[in-house]
Amino acid sequence: MYLSDQFTNKHFLITGASSGIGQQTAWDLGNTGAWLTLLGRDLGKLEETKKQIGTTNPLHVISGELQDPNFLDELTSSIEPIDGLVLSAGIIDYTPAKMINSQKIRKIFEINFDANVLLIQALLKKKKIKDGASIVVISSISSKLGVAGTGLYAASKAAITAYAKVLATELSGKKIRVNIIHPGIVKTNLIDDQGIVDQENMKKIELSYPLGFGSTGDVSNQILYLLSDLSTWVTGSEFIIDGGHTITR
Ligand SMILES: NC(=O)c1ccc[n+]([C@@H]2O[C@H](COP(=O)([O-])OP(=O)(O)OC[C@H]3O[C@@H](n4cnc5c(N)ncnc54)[C@H](OP(=O)(O)O)[C@@H]3O)[C@@H](O)[C@H]2O)c1
């Protein structure tokens, strides 16, 4: 059984497909002949992502804010049933404990937790997740570490991780699998746009990664494995992909 043969004519929904890990997954899956629905906020970036996929299969792009209930309703009503779901949309936050306020808590949980839970709820209710499908949640090693300033981000990722494990049990009767990936640092807009960690410090942090920082492809490879039939006995599992960073801490 080869990974590249796995996805022909299967339909996958990828959130966060306009950038970083989600975009890479869209390219890698799309180029295997899968049928994709790509979701993000920026329509222009989604169209760009789509352009770089060489397939004759349908590729739909849909832009909106995942935390908007009307958008969620429209998406989950119109989408064709899916064989797999990749939850890559997410935001980051660096706020030390004494600077946290309720708006900051709401903002990060709304996207990293609530939106994912409500998306899955609506897809299930509308019978849009096929039996035997695979759901991949992109969490973070931050949820396992104690890096100063990452409290809200880490907590939102720990929450979605805990939720995903319960979901794996609830959906096992339909052979729907749910797995969690915890990437370490991968240079994407998520990291670059923050501008909080300067180049000098980034170099120091990279030294704590025995294999250096990762690429989006490193994470996408694991996502494709978990979406494929090569992992049909894998559910409720957590995968740390961080070039060895956590073993050095
Ligand atoms: N990069 C890392 O080092 C790293 C490490 C661990 C975990 N992760 C996790 O991996 C996932 C992907 O991160 P990334 O590095 O690929 O980030 P990225 O390049 O910033 O991409 C984030 C994606 O999420 C979408 N998005 C954000 N808020 C949204 C909203 N409210 N509604 C709909 N879409 C929304 C963005 O859409 P637009 O581009 O259209 O705005 C974009 O497509 C995230 O969950 C992140 O927490 C990343």
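Everything that follows concerns the structure shown earlier in this document.
Read on for a plain summary of the structure.

Calculation rules
- Residues numbered from 1 in each chain as written.
- Predicted model: local features only at pLDDT ≥ 70, side-chain atom pairs only at ≥ 80, totals over all residues.
- Heavy atoms only, no water.
- Near = heavy atom within 4 Å.
- Polar contact = N/O pair within 3.5 Å; in protein donor to acceptor, adjacent residues only side chain to side chain.
- Areas by Shrake-Rupley, 256 points an atom, 1.4 Å probe, with all protein chains shown as cover.
- Helix = DSSP H or I, 4+ residues; strand = E, 2+ residues; numbered from the N terminus.
- Axes fitted to C-alpha atoms, helices over the stretch in contact; angles between N-to-C directions.
- Parallel < 35°, antiparallel > 145°, perpendicular 65-115°, else oblique.
- Left-handed = near helix turned anticlockwise from the far one by under 90°.
- Contact = heavy atoms within 4.5 Å.
- Nonpolar A, V, L, I, M, F, W, Y, C, P; charged D, E, K, R; others polar.

Turning next to the site of the ligand. The environment of the ligand is formed by 32 residues, the closest being S18, S19, D42, Y153 and T188. Within the backbone of G90, one N or O atom sits 3.4 Å away from an oxygen atom of the ligand. Note that an oxygen atom of the ligand is positioned 2.8 Å from one of the side-chain N or O atoms of K157. Contact with the protein chains covers 95% of the free accessible surface of the ligand, which is 910 Å². The set of elements that each furnish at least two residues to the shell around the ligand consists of α1 (20-30), α5 (151-170) and α6 (189-192). Top element by residues in the shell around the ligand is α6. It accounts for three residues.

To continue, consider the packing of α1 against helix α8 (residues 216-227). The N-to-C vectors of α1 and α8 enclose an angle of 60°; their axes lie 9 Å apart at closest approach. Put simply, α1 runs oblique to α8. Considering the relative orientation of α1 and α8, their crossing is right-handed. Each of G20, I21, Q24, T25, D28 and L29 in α1 lies in contact with α8, whose residues at this interface are T216, G217, V219, S220, I223, L224 and L227. Grouping the amino acids of the contact of α1 with α8 by side-chain chemistry returns six nonpolar, six polar and one charged.

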